[in-house]
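Topology and contacts: notes
Read off the chains here:
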Amino acid sequence: MPVYGSQASPSAPVIEQPYQYRRRELEEPDWTRFPGWADVTEADWASAQWQRVHCVKNVKQLRDLIGDRLHESFYEDLAADMERSATMSMLLPPQMLNTMAPQVEETGPGSWTDAFYADPVRRYMLPVASDRHPDWPSHPFAARDSLHEHDMWAVEGLTHRYPTKVLAELLSTCPQYCGHCTRMDLVGNSTPTVDKRRLALKPVDRQTAILDYLTAHPGVRDVVVSGGDVANLPWKQLERFLDRLLDVETIRDIRLATKALMGLPQHWLQDEIVEGMARVAKRAAGQGVNLAIHTHINHVNSVTPAVAKAAAAMLDAGVRDVRNQGVLMRGVNDTQADLLDLCFALQGEANILPYYFYMCDMIPNAEHWRTSVAQAQELQTAIMGYLPGYATPRIICDVPMVGKRWVHQLSEYDRELGISYWTKNYRTSIEADDPDALTRRYPFYDPIDTLPKAGQQWWANMHAPVRAKEDGDAAAARSRRAAARQDAEVA
């Protein structure tokens, strides 16, 4: 029988566990292994300006950086995806690119190819055509704005989805673009397959409209300030907005959303940012307002000393918490070890609180990333008991028209067809007159290729009519929006 505590013998047997914790100290991969960065100094690497200037934005720049260490077939695979499938344009800061294949040391032609294909960070930040599912690249019910955030805009850029919480989208750009972005309808440059929606108002007018709305709606107490990524907003503009937000006495929680804490930590280490954040944090604390940063890290390899240093700088400046909201994705972090390795690195080495892992949303060309609800439930069970309770993340399904739901909260689940049903306890801002909003069951759909054969066949048979319905719904929605615009112009 195993013995615990101070009386345990040094020779007591080690208990075999499904997951064995071993501390992993953080390391910054050697960027000089990339031929194009062989002469980059530590001072350059630590510069936010250098990082932004040297972002990789296209196949040519990637080839110039890595050369023939990637086989030409990889570049062709990447170019094909950008032309036919990508919903986000390529934008990779050196910091993020450097976490791909961090252990590769070979220098021969093609020697990096297999490592890049297998790399989990590459799989979602630099997708290639062969990653996509050949039969089901998109679910028949996939949608560009799958969560209806735009439909719930109270004013431009302000999504009022929950009774007491809003999302303020101050801008539509990021320092890096993730292939699975839930806001692919708005964020980033247009791609050959996606003509992006554009913000129409000037930034100052958009911010004023947002603040006026919040002032007029005292029931809102929690604001997520996002975009895009707030790291792309000039600091003076962001600080001015936050100061005005703190003037709204009913706001009690402010969360700043930035993947750049990981993708471009150099930004958050700049003196202007650290000093400015200290001013905002001091005022927030004095008013009893909780100020936090939410970042987005999906794999342990992305947690480096620079990321930990940036998180520490924000906490030292007075931010109450730095929290992580990752996305659960196949081939990236969909095992017990993947999630626990990441969470221990976040919580134990970087002082970033694991908070949520969202199931990947039902956007176009994302089926190869998405997991089933059943797998998400299994993973939630698998990670319980290893981490401190406060640092054990919840795996969340963001159900269209419902919102965030813990994966065990579903009310019914047809595993053969991959359809789960969910209920909710509040109305969104577009359901004020819907008498059935609180009693309706809302569906969510598993990736079709994860279903048993009978389920896959059912969807194959239903594919044509489902697509026709989707096209009809889209046409009807366009017509309603056009009519609303005409009504507004007449008014």
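Just above sits the structure.
Residues numbered from 1 in each chain as written. Predicted model: local features only at pLDDT ≥ 70, side-chain atom pairs only at ≥ 80, totals over all residues. Heavy atoms only, no water.

With respect to the environment of Ala311
Structurally, Ala311 is set in helix α13 (residues 305–316). Owing to a relative accessible area of 0%, Ala311 belongs among the buried residues under this scheme. Placed 18 residues apart in sequence, Ala311 and Ile293 show a C-alpha to C-alpha distance of 9.0 Å. Residue contacts for Ala311: discarding those within four places in its chain leaves Leu261, Val322, Ala350 and Ile352. (Helix = DSSP H or I, 4+ residues; strand = E, 2+ residues; numbered from the N terminus. Buried < 20%, exposed > 50% of the residue type's maximum accessible area, 1.4 Å probe, protein only. Contact = heavy atoms within 4.5 Å.)

Here we look at the environment of Arg330
Looking at the secondary structure, you find Arg330 in the loop between β7 (321–328) and α14 (336–349). On the accessibility criterion, Arg330 (17% relative accessible area) is buried. For Arg330 and Pro120, which are 210 residues apart along the polypeptide, the C-alpha to C-alpha distance reads 9.1 Å.

Remarks on the side chain of Gln380
Structurally, Gln380 is set in helix α15 (residues 373–383). With relative accessibility at 2%, the residue Gln380 sits in the buried group. Among residues more than four places away in sequence, those in contact with Gln380 are Pro393, Arg394, Ile395, Trp406, Val407 and His408.

A closer look at the sheet that holds strand β9 (residues 394–399)
By way of backbone hydrogen bonds, the strands of a sheet pair with one another, either parallel or antiparallel. Spatially, the 10 strands line up as an open sheet ordered β1-β2-β3-β4-β5-β6-β7-β8-β9-β10, and their pairing is mixed. The sheet is open, and its two edges are formed by β1 (153–155) and β10 (403–406), each paired on a single side. Across 5 bridges, the pairing between strand β3 (residues 165–169) and strand β4 (residues 222–226) is parallel. Bridging from a neighbouring strand, Ala168 pairs with Val225 of β4. Most of the contacts of helix α9 (residues 235–246) go to β4, to which it runs at about 170°, and overall it touches β4 and β5 (253–257). Here α14 sits on the sheet and contacts β7, β8 (353–359) and β9; the angle it forms with β8, its principal contact strand, is near 145°. (Pairing = 2+ DSSP bridges. Axes fitted to C-alpha atoms, helices over the stretch in contact; angles between N-to-C directions.)

What to know about the packing of helix α3 (residues 59–66) against helix α4 (residues 72–84)
It is at 10 Å that the axes of α3 and α4 come closest, and there the two elements cross at 160°. Between α3 and α4, the angle is such that the two are roughly antiparallel. Our pair here, α3 against α4, has a crossing hand that is right-handed. Note on element contacts: α4 touches α3 through Glu72, Phe74, Tyr75, Leu78, Ala79 and Met82, opposite Val59, Leu62, Arg63 and Ile66. Per-class residue counts for the contact of α3 with α4 are 8 nonpolar, no polar and 2 charged. (Parallel < 35°, antiparallel > 145°, perpendicular 65-115°, else oblique. Left-handed = near helix turned anticlockwise from the far one by under 90°. Nonpolar A, V, L, I, M, F, W, Y, C, P; charged D, E, K, R; others polar.)

Considerations on the packing of aromatic side chains
Scanning all chains against the criterion turns up 19 aromatic pairs. Look at Phe34 and Trp112: their rings are 5.2 Å apart centre to centre, the planes differ by 90°, and that puts the pair in the edge-to-face class. Residue Phe34 is found in the segment before α1 (42–45), and its partner Trp112 is found in the loop between α5 (94–97) and α6 (113–118); the two are separated by 78 residues along the sequence. Just as Phe34 is buried, Trp112 falls in that class too. The ring of Tyr75 carries the charged tip of Arg63 above its face, separated from the ring centre by 4.6 Å. (Phe/Tyr/Trp six-rings, centres within 6.5 Å; stacked < 30°, edge-to-face > 60°. Lys NZ or Arg CZ within 6 Å of the ring centre and 35° of its normal.)

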